[in-house]
Each structure stands twice: as C-alpha cells, then as structure tokens.
Amino acid sequence: MDRPIRPVEVLDGRTYRDTFTESLALISDIDFPDMLLEYTQEMMTLETAELIAPYLEHRDFSPAKIGALLGPAGEVTAWILALARYREIAGAVVPRIKRLRQAEWSLDNARKKLAKAERECQQRQANLDGVQEHFEQAMAKKQRLQQGADASKAKLE
C-alpha cells in the first residue's frame, strides 16, 4: 500500500507508527483482545475517525479479503468498519437527539405550566360560580323585598 508513514493513536491512547512491526506488536500484545472489548463506539473521536479514514477506504481493507488471509482479523476489520460507520451516523444523529430532548423538555415544561394554569382557571371558575350564586340569591331577595314594598305601597294608597 502506498501511503505516508505517520503516527496513529488507537485503542489505549498510545501512539503507534504505521508500520508492520508496530502493528504486529500491538496485535500480539496479550491485552489486545481486552483492549478491543473495552473499546466502545463513544470512544472513537472524530479525530481518530479522520486518521483511520484513508485505511478504511483502501481497496484491500475488506473483511472478506483480510478474513481469507488472517481468519479472525476479518471480524476485527468488520468491527472497525462498523465503528467508523457508527461515528459517521452518530455525527448526524446525536445533535438531532439533543435537539429532540431539549424540545421534549420544553414541551414537558409547557405542559406543566398549562396544567397549573388550568388548575388556577378551575379555582377561579369555582370562585366565580360562588359569587354568581350569591348574586342570584341577593337579586332574588331584592325582588322579594321589592314585591313586598310594592304590595305595602299599594295597600297604603
């Protein structure tokens, strides 16, 4: 493969040179499988994705080709491609999820305010109903008193 040799940071935060010797030392490390198991999608930074992009795009970087030559390394290749794809998708989806959560939070707050306003409205309506009933009773009493006064006035005449 024709490419410049440059340092690449992978897995454990250490910097490795892009050479066969360095690669062999990394995958021969007894802790290498554990490092792979502990590596999650969230750990792949945008910078790491950019650094490994040229390797992922190379025609020989295929799970089938590598698996035919090195067996389980084909599965590791597929895993790396899946991580890179996840990073690509997450870059587009994560901001949308954040906006969705903010909108849900705003909606929840608005619903709480609406519920509070509805409770206040119900209390004021109940208060108004009480005042209206008192007013109707007072008007009925006034009408009775007016009728009594009119009757008394009629008797006096």
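This section reports on the structure supplied with the text.

Reading guide: rules and limits
- Along each chain, numbering runs from 1 in the same order as the chain's sequence is written.
- Note on the predicted model: pLDDT of at least 70 is required for a residue's local features to be given, and 80 or more for side-chain atom pairs to be given and counted; whole-chain, interface and lining totals, by contrast, use all residues.
- Side-chain metrics in this entry use all non-hydrogen atoms of the structure; hydrogen atoms and water are not considered.
- Helix and strand assignments come from DSSP, with helices taken as H or I runs of at least 4 residues and strands as E runs of at least 2, each series counted from the N terminus.
- Only protein chains enter the calculation, and the probe is 1.4 Å; a residue is then buried if its accessible area is under 20% of its type maximum, exposed if over 50%, and partly exposed in between.
- Residue contacts are defined here by distance: any two heavy atoms, one from each residue, within 4.5 Å place the two residues in contact.
- For every accessible area listed, the method is Shrake-Rupley and the probe measures 1.4 Å; residues are considered covered only by the protein chains on display.
- Salt bridges are defined by distance alone: a side-chain nitrogen of Lys or Arg within 4 Å of a carboxyl oxygen of Asp or Glu.
- Whenever two N or O atoms come within 3.5 Å, that pair is a polar contact, provided that in protein one can donate a hydrogen and the other can accept it, and provided that, for residues adjacent in sequence, both atoms are side-chain atoms.
- To obtain an axis, a line is fitted to C-alpha atoms, over the contacting stretch when the element is a helix, and the angle between two such axes runs from 0 to 180 degrees between their N-to-C directions.
- Just so you know how the angles are binned, under 35 degrees is roughly parallel, over 145 roughly antiparallel, 65 to 115 roughly perpendicular, and the rest oblique.
- Crossing handedness: left-handed means the near helix sits turned counterclockwise from the far one by under a right angle, and right-handed means the same turn made clockwise.
- Each residue receives one of three labels: charged for Asp, Glu, Lys and Arg, nonpolar for Ala, Val, Leu, Ile, Met, Phe, Trp, Tyr, Cys and Pro, and polar for the others, Gly being one of them.

Here's the deal with the overall build of the chain
The number of helices and strands found in the chain is 5 helices and 2 strands. Starting at the N terminus, the α and β elements of the chain follow one another as β-β-α-α-α-α-α. For the chain, the residues scored as buried account for 15% of the 157 residues in total. Considering only intrachain contacts with a sequence separation of at least 6, the fraction spanning at least 24 residues in the chain is 45%. For the chain, the accessible area works out to roughly 12,800 Å², and carbon and sulfur atoms hold 58% of it.

Some words on the environment of A53
Tracing the chain through its elements places A53 in helix α3 (residues 46-57). The class of A53 is partly exposed, set by a relative accessible area of 21%. In sequence terms A53 and L81 are 28 residues apart; their C-alpha atoms lie 9.7 Å from each other.

Digging into the pattern of salt bridges
A full pass over the atoms with the stated rule returns 3 salt bridges. In this structure, E88 engages R85 in a salt bridge whose closest nitrogen and oxygen atoms are separated by 2.7 Å. Residue E88 and its partner R85 are both found in helix α5 (residues 73-156); the two are separated by 3 residues, about one turn of the helix. What makes E88 exposed here is its relative accessible area of 53%. Under the relative-accessibility criterion, R85 is labelled partly exposed at 45%.

Here we look at the side chain of T77
Mapped onto the elements of the fold, T77 is located in helix α5. Polar contacts involving the side chain of T77 include one to the main-chain carbonyl oxygen of A73, which spans 2.7 Å. T77 has contacts with F61, S62, P63 and I66, leaving out every residue within four places of it along the chain.

Looking at the environment of Y86
Here Y86 lies in helix α5. Judged by relative accessible area, which is 32%, Y86 ranks as partly exposed. Sequence separation between Y86 and Q41 is 45 residues, and the spatial gap between their C-alpha atoms is 6.9 Å. Other than its neighbours up to four places away in sequence, Y86 contacts Q41 and E42.

Digging into the packing of helix α4 (residues 63-70) against α5
For the pair α4 and α5, interaxial distance at closest approach is 7 Å and the crossing angle is 155 degrees. The angle between α4 and α5 places the two elements in the roughly antiparallel class. Between α4 and α5 lies a crossing whose hand is right-handed. Counting all contacts with α4, which are made through P63, I66, G67 and L70, the residues of α5 involved are A73, G74, T77, A78 and L81. Classifying every residue of the contact of α4 with α5 gives 6 nonpolar, 3 polar and no charged.

Here's the deal with the side chain of H58
Within the fold, H58 resides in the loop between α3 and α4. A polar atom in the side chain of H58 sits 3.0 Å from the backbone nitrogen of D60.

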